[in-house]
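Residue strings, one per chain:
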Amino acid sequence: MRLATSGLLTLCFLFSFSAHAQLQMRGLELGGWLGSSFYLGDLNTQFRFNHPNLAGGVMARYNFNHRIAVRGSLNHGRVEAYDSESENTFERIRNLSFQTRLTELSGQLEFNFLPYYHGSRQYFFTPYAFVGFSAFHYVPKTIADGGQSVNLRPLGTEGQRQGDRYSPFGLALAYGVGIRWDLSYAWSMDAHLSLRNTTTDYLDDVSTVYPDPVALRANNGDAAFFLSDRSLPPEDGGPRLNREGTQRGDATVNDRYFFLGLGLNYYFGDVICPTVTKDRKTKRRQKRAAKQRGRESAKRKRARRG
């Protein structure tokens, strides 16, 4: 199959010198990917990547030509962060943590930096870039002092009342870079770094300031009271500081997450060599050349007879 396709590509290129012919690659690809997911936000301001979690997804790509494609994917991953691992004193004393599972539906427009044709020995790989949007679902949780996993959103840990809590759904600008290469005419692989700038600052359940602890306990319950402020006590053993109204997170910068993955894809489309077309001038030149060859051939025949 690869030999036959390569022969077709070579034939197409031989025709292209005298005609307005160009290879076309148009068709559908299906595949999947596996990799890791990471988080950047209020609980990871120092770009720590020490908690790579397994992530993966399935995708469909439609190639319009050798440069442009659109891709849709369904992806899933998990992100987490812990203030106790931070080198920042404020964050380490704050002592918050979270874990969130993310499920997203994403669509992107892709651009190949190099010509890329499935099955070609010359154009079998390319770096590419992409941009688009994602819609995702997330459920931030934490591990309470008793060891149980607790869903944070219903608690309103920053004083949110029922009906005023953040949505478990969000949108994100999806963009990144990658490289793809052929294994055969039909099979290919790609490696990608895919980033998400989200519209929420609550992937980690942390955004604004500490609420009034008395009102929080009365309105949202004991779990919200204990998990809203988990700051470490002073080193001298004194009472815990009253943090009402002081900074808990940074609401000016939304949270982000990204995927690093390796994918395997199957191509259902074709590489097409269009019908060779010639303009009128080319046709006239060819007709004149053919007539001239005919006249010269007739002269040679008469000369041999004479």
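For the structure itself, look to the data block above.
The rules we used
- Residues numbered from 1 in each chain as written.
- Predicted model: local features only at pLDDT ≥ 70, side-chain atom pairs only at ≥ 80, totals over all residues.
- Heavy atoms only, no water.
- Helix = DSSP H or I, 4+ residues; strand = E, 2+ residues; numbered from the N terminus.
- Buried < 20%, exposed > 50% of the residue type's maximum accessible area, 1.4 Å probe, protein only.
- Contact = heavy atoms within 4.5 Å.
- Areas by Shrake-Rupley, 256 points an atom, 1.4 Å probe, with all protein chains shown as cover.
- Core = buried A, V, L, I, M, F, W, Y, C linked by side-chain atoms within 4.5 Å.
- Lys, Arg positive; Asp, Glu negative; His and termini not counted.
- Salt bridge = Lys/Arg side-chain N within 4 Å of Asp/Glu carboxyl O.
- Polar contact = N/O pair within 3.5 Å; in protein donor to acceptor, adjacent residues only side chain to side chain.

Draft legend 1. Seen up close, the overall build of the protein chain. A count of helices and strands for the protein chain gives five helices and 10 strands. Across the 306 residues of the protein chain, 42% fall into the buried class. Sequence separation of at least 24 residues holds for 75% of the intrachain contacts in the protein chain that already meet a minimum separation of 6. Taken as a whole, the protein chain presents about 16700 Å² of accessible surface, with 60% of it coming from carbon and sulfur.

Draft legend 2. Layout of the nonpolar core. Residues Leu-43, Leu-102, Phe-136, Tyr-138 and Tyr-257 are the most contacted members of the largest nonpolar core, which totals 18 residues. Contributing elements (two or more residues each) for this core: β1 (24–40), β3 (68–82), β4 (97–112), β5 (125–143) and β9 (256–267). Excluding residues that lie within four positions of it along the chain, Tyr-138 makes contacts with Thr-100, Arg-101, Leu-102, Tyr-166, Ser-167, Pro-168, Phe-169, Gly-170, Thr-200, Tyr-202 and Leu-203. Among the nonpolar cores identified, the runner-up in size contains seven residues, and Val-150, Leu-216, Ala-224 and Leu-227 belong to it.

Draft legend 3. Fine view of the side chain of Asp-190. As for its position among the elements, Asp-190 is in strand β8 (residues 187–198). It turns out Asp-190 is buried and unbridged, and the closest side chain with the opposite charge, Arg-71, is 4.2 Å from it. A polar contact is formed between the side chain of Asp-190 and the side chain of Tyr-128, at a distance of 3.4 Å. Ignoring any residue separated from it by four or fewer positions in sequence, one finds Asp-190 in contact with Arg-61, Arg-71, Tyr-128, Ile-179, Arg-180, Trp-181, Gly-261, Leu-262, Gly-263 and Asn-265.

Draft legend 4. Region of the structure containing unusual backbone geometry. Even without being a glycine, Phe-47 presents a positive backbone phi close to 55°. If you trace the backbone, Phe-47 turns up in the loop between β1 and β2 (53–63). Looking at Phe-47, the relative accessible area reads 49%, which means it is partly exposed. Even without being glycine, Asp-205 reaches a positive phi, approximately 65°. Residue placement: Asp-205 occurs in the loop between β8 and α3 (213–220). Given the relative accessible area of 2%, Asp-205 is considered buried.

Draft legend 5. Structural context of the pattern of salt bridges. Summed over the entire model, instances satisfying the criterion amount to nine salt bridges. Salt-bridge contacts for Arg-61 lead to Glu-29; the nearest nitrogen and oxygen are separated by 3.4 Å. One end of the pair, Arg-61, is in strand β2; the other, Glu-29, is in strand β1, and 32 residues separate them in sequence. Where Arg-230 meets Asp-145, a salt bridge forms, and the shortest distance between an N and an O atom there is 2.9 Å. Linking Arg-230 in the loop between α4 (222–228) and β9 with Asp-145 in the loop between β5 and β6 (149–151), this pair joins segments that are 85 residues apart in sequence. Assessed through its relative accessible area of 75%, Asp-145 is described here as exposed.

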